[in-house]
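One-letter residues, chain by chain:
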Amino acid sequence: MTYDAIVIGSGIGGLTTAGLLARVAGKRVLVLEQHTEPGGLTHAFRRDGASWDVGVHYIGQLGPGSQVRAYFDYLSGGELEWNRMSEDYDRFVYPGLDLRASSDPERYERSLVEAFPDEARAIRRYFKDVRRTAAWTTLGFAQQMVPRPAAPLLGLLQRLTGRTATGTTKAYLDARFRSPALRAVLASQWGDYGLPPSRSAFAVHAMIVSHYLGGGWFPKGGSARIARTFEKGIEQAGGAVRVAQEVTQILIEDGAAVGVRVLDRRGPDARERTYRAPVVVSAAGAATTLSRLLPVDGDIGRATAPARRTIARLGTGMSAVTVFLRLREDPRSIGVDGGNVWVGRDLDHEAGGDGRDDPDARAAALLAGRPDSVFVSFPSVKSGRTPHTAEIIAFSGAGAFRPWADRPQGDRGAEYSALKERIASGMLALAETAVPGLSDLVDYTEVSTPLTFEHYTAHPAGAFYGIPATPQRYRSRPLGPRTAVPGLLLSGQDAGSLGIVGAMMGGVAAACQALGARGFPMITSAVRAGAPARPADRPRALPEGKHHAAVVSKRRLTPSVWEVTLGLEGPVGAWAPGQFARLHVGEDAWRDYSIARLEDGALRLLVSTRTGGAGSRFIERAETGARTVVELPLGRYRLKETGRRRVFVATGTGLAPFLAMFRHADGLKDDTLLFGCRRREDDLTSLVEAVLPGRVVRCVSRETAPGLFHGRVTDALRQADVDLSGADVYLCGSAAMVADCREILDHAGVAEVLTEPY
């Protein structure tokens, strides 16, 4: 299949490139994403109605009329809305010290002078240096966007203005400030670029500080809307954002990139596919692109060798552990205003304690439950969504987690689970010192590690900031969007700079180069005019894998569970029982539901409306004939033919994928189903047409009845004479239930635990 351009990766950089090519030039662009969710680190994930934004915590320079806002408005067709964060968008807390960064830069500067009057002159000079150095960094971006003849002029201007840019942040602060407390406060935001002061270039520090001087903004409704609004312009031009596509090779003919080879993982079995285009843009990271997707020998290897050597010299950046919290109540009840909180155990940002950072020491402290520092964020307050949530982040290298790297995602064993619990407890305890009362609000906890980032984003070692922003990076020849391979461009952070806006600018630069000498003025003119996208006049045809659909029937099974059947238009490809469908539920919201049955174009779902969210409202209100869009099949959850006994554990609508599995499975008579609900009236196994295993244990937690197990499914796992030794155990239901069952199963001698949280 041939396109005008192919983009590898659907992060903000890749989507920016694809969106500009589509909206400005009407190009038909295919975006390929290995994860089942588009958006890269701008995507969000959900658990039982709660939502967390994995990579977007705040964005600066988004006031109306700003250049960054103009790009977001243009690429989203004006549909992406923004919430202004609280006046004090960042708070810095250390022992005996609590300061806030104001959205008014003059007020922020005054507050620092009031706190450290003896350093007043140095503070005022600092803000001037920050602005000047940020401008120096911007000139570096611009060189990658403008036509080649203009680039040397910008390079000359940059060389004349870069006195402080390429030293370390620590060297700058140590040379100008006497107070350790003030140095600690000014360096606090290093987590926004992922390197402590002794390792980071002052160029990136100045860029980040300058970026937020006017305050922080957050996408209304959550960061997942970024990808969904950008996607519309790509589809309107005849392109597509295809998920579950693992790019394995960039195709080279006559020395030029001409397409890609991928493993399409959308169906029951991975199948190899080839897509062709005269332009290939990789937003998968420079190291991955040049060392994994291209040959490292022959003519191509020789051509890319200088860039690969540069990347190797620069090394790998840091990753992080994130603790995702679902809260029982609005955190504003304990004084939270939605601003971010940076908490340090002491004033030293260098884990080595001798002025130099020691990644091993930092990781060891984190694994022992004593993190050096944490960043606390409240996405639900910033986005305007409920249920309420929080996130706590601590930075770490990936090395300490390598012993579990070969275990499958989601099933890394009891030792790993215990490690995550210890880390989470330590991070929450440190956060509690700055946000008292937070621990009492916690209802559910989930933890991601560098292995999680590596699994979902394909960043080596989970280093999600890409090439580290060391002084050497800024002294080296910038990679930029151009490569030594004709037809191949780079996009995203490695082609631009770190963070959301840095990656977006890398995407802009790649689009400029893809459109040739007229690219920069074409894009600048279109974005400045804010003109409607050229493809908008065309009807929006759905790409492969998406289907127009209509509600055929719906039946209320319990007070909060509906059985819904949708009729799909167009042929539906092969699928595997256990996979899920993605349903458009209004505006830019999509929700994932396991396929309970799919035959002859009729899709049956079990939908819980307990959470009252967008999906719940859509199902409650939908009449027969209501139209929507469905994307399917997605996911890797399915039966494994191991010959072992199987135990299925489900609560609520978690029964849905098992219904499909049971319908197509052999040998069910030896299998066991444990199904949990609150009351007999909620027993879905008795309310739906279904083939069931030979043994069914119905667990009712809030009443007793003959023939039913009184208690939760976790109680039944311990007490109901279920032989788990050597069995494959399948889990599906609420996130809390799955976590509780896993704790039991980790010590029960099961052969394999299979589950797939969306």
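Given the structure is predicted, the values throughout are model-derived calculations rather than measurements.

**Q** Can you help me understand the sheet that holds strand β6 (residues 88-94) in this one?
**A** The pairing of strands in a sheet comes from backbone hydrogen bonds and takes either a parallel or an antiparallel form. The sheet built from seven strands is open, its strands ordered β7-β6-β15-β16-β17-β14-β18 with mixed pairing. Each end of this open sheet is capped by a strand with a single partner; those strands are β7 (97-102) and β18 (442-448). Within the sheet, the average angular offset between the axes of one strand and its neighbour, ignoring direction, is 20°. In this structure, strand β14 (residues 319-327) lies alongside strand β17 (residues 389-396), joined through eight bridges in antiparallel fashion. Across the sheet, T322 pairs through a bridge with I393, a residue of β17. In the packing of helix α3 (residues 105-115) onto the sheet, contacts are made with β6 and β7, and the angle to β7 comes to roughly 160°.

**Q** What should I look at first to understand the pattern of salt bridges in this one?
**A** A side chain of one charge can pair with a side chain of the opposite charge when the charged atoms of the two come close. All told, the structure shown has 49 salt bridges when counted by the stated rule. Between R107 and E87 there is a salt bridge whose closest N-O contact spans 3.4 Å. Of the two residues, R107 is situated in helix α3 and E87 in the loop between β5 (82-84) and β6; the sequence distance between them amounts to 20 residues. Among the residues examined, E87 registers a relative accessible area of 37% and is labelled partly exposed. Through salt bridges that share partners, R242, D264, R271, R273 and E544 make up one connected network.

**Q** Is there a simple way to think about the packing of aromatic side chains in this case?
**A** A ring pair, where both rings are aromatic, is described by two values, the distance of the centres and the angle of the planes. Scanning the entire structure with this criterion turns up 27 aromatic pairs. Note on F45 and W52: the rings are 5.1 Å apart at their centroids and 25° apart in plane angle, and the pair reads as stacked. Classification of W52 by relative accessible area gives buried; the value is 0%. Look at W52 and F324: their rings are 6.2 Å apart centre to centre, the planes differ by 65°, and that puts the pair in the edge-to-face class. With W52 in strand β4 (residues 50-53) and F324 in strand β14, the pair connects residues that are 272 residues apart, well separated along the chain.

**Q** I would appreciate a short explanation of the pairing of strand β16 (residues 373-377) in the present structure.
**A** Here is the key point about a regular strand: its side chains alternate between the two faces of the sheet. Here β16 lies mainly inside the structure; four of its five residues are buried. Relative to β16, strand β15 (residues 340-344) runs antiparallel, the two being bridged by four bridges. Counterpart to G344 in the pairing with β16 is S373. Sheet topology places β16 next to β17; three bridges connect them, and they run antiparallel. Across the sheet, residue V376 finds its bridge partner in β17, namely I392.

**Q** Quick question: what am I supposed to make of the pairing of strand β20 (residues 546-558) here?
**A** Where β20 and strand β26 (residues 627-634) come together, five bridges link them in antiparallel fashion. Each bridged residue has a counterpart across the sheet, and for A549 the counterpart in β26 is T628. As judged from the eight bridges shared by β20 and strand β21 (residues 561-568), these two strands associate in the antiparallel manner. Looking at β21, one finds that A550 is bridged to G567.

**Q** So what exactly am I meant to see when it comes to the state of the cysteines here?
**A** Here a disulfide denotes one covalent bond, and it connects the sulfur atoms of two cysteines. This model, assessed by the stated rule, comprises zero disulfides. The closest cysteine sulfur to the non-disulfide-bonded C677 is located on C699, 8.2 Å from its own sulfur. Take C677: its relative accessible area is 13%, and that puts it in the buried class. Summary of cysteine pairing: C732 is not part of a disulfide, and the nearest cysteine sulfur, belonging to C741, is at 11 Å.

**Q** How should I be thinking about helix α2 (residues 67-75) in this particular structure?
**A** In an α-helix there are 3.6 residues to a turn, and that puts residues three or four apart on one side. Inspection of α2 places V68, R69, Y71, F72, Y74 and L75 among the buried residues, and these make up the whole buried set. Buried residues along α2 sit in contact with α1 (12-25), β5, β8 (217-219), α9 (224-236), α18 (499-514) and α19 (519-529). Just downstream of α2, G77 is the residue with a positive phi angle, here 65°.

**Q** Help me understand empty space enclosed by the protein in this model?
**A** Leftover empty space is mapped by rolling, across the atoms, a probe with the size of a water molecule. What the rule picks out here adds up to six cavities of 30 Å³ or more. Taken as a whole, the largest cavity encloses approximately 110 Å³ of empty space. Along the walls of the largest cavity sit 14 residues, with S188, W190, W342, S373 and V374 positioned nearest its centre. When contributions to the lining of the largest cavity are tallied by element, the ones reaching two or more residues are β15, β16 and β17. In this model, the second largest cavity occupies a volume close to 50 Å³. Lining the second largest cavity are W190, R362, L366, P371, D372, S373, A394 and F395. Taken together, the residues that form the lining of the second largest cavity break down as five nonpolar, one polar and two charged.

**Q** Help me out: how do you make sense of the environment of E272 in this one?
**A** Take E272: it is sitting in strand β12 (residues 271-276). By relative accessible area, E272 is classed as exposed at 54%. Remark: the alpha-carbon pair of E272 and V247, spanning 25 residues in sequence, is separated by 9.6 Å. Filtering out sequence-adjacent residues up to four positions away, E272 remains in contact with R261, V262 and L263.

**Q** Explain the side chain of Q189 to me, please; I cannot follow it from the model alone.
**A** Among the structural elements, Q189 can be located in the loop between α7 (180-186) and α8 (202-212). Residue classification places Q189 among the buried positions, given a relative accessible area of 4%.

**Q** Please explain the packing of α2 against α18 as it appears in this structure.
**A** Helix packing geometry: the angle between the two helix axes and the distance between the axes. Close contact between α2 and α18 brings their axes to 11 Å; oriented N to C, the two are set at 65°. With respect to α18, the element α2 is oriented roughly perpendicular. Our pair here, α2 against α18, has a crossing hand that is left-handed. On the side of α2, the interface is formed by V68, Y71, F72 and L75, while α18 contributes I500, V501, M504, M505 and V508. When grouped by side-chain class, the residues that make up the contact of α2 with α18 number nine nonpolar, no polar and no charged.

Analysis parameters
Residues numbered from 1 in each chain as written. Predicted model: local features only at pLDDT ≥ 70, side-chain atom pairs only at ≥ 80, totals over all residues. Heavy atoms only, no water. Pairing = 2+ DSSP bridges. Helix = DSSP H or I, 4+ residues; strand = E, 2+ residues; numbered from the N terminus. Axes fitted to C-alpha atoms, helices over the stretch in contact; angles between N-to-C directions. Contact = heavy atoms within 4.5 Å. Salt bridge = Lys/Arg side-chain N within 4 Å of Asp/Glu carboxyl O. Buried < 20%, exposed > 50% of the residue type's maximum accessible area, 1.4 Å probe, protein only. Phe/Tyr/Trp six-rings, centres within 6.5 Å; stacked < 30°, edge-to-face > 60°. Disulfide = S-S within 2.5 Å. 1 Å grid on protein atoms, 1.4 Å probe; cavity = no way out; pocket = protein on both sides within 12 Å on 5 of 7 lines; lining within 4 Å. Points joined across faces, edges and corners; volume = space filled by probe spheres on them. Nonpolar A, V, L, I, M, F, W, Y, C, P; charged D, E, K, R; others polar. Parallel < 35°, antiparallel > 145°, perpendicular 65-115°, else oblique. Left-handed = near helix turned anticlockwise from the far one by under 90°.

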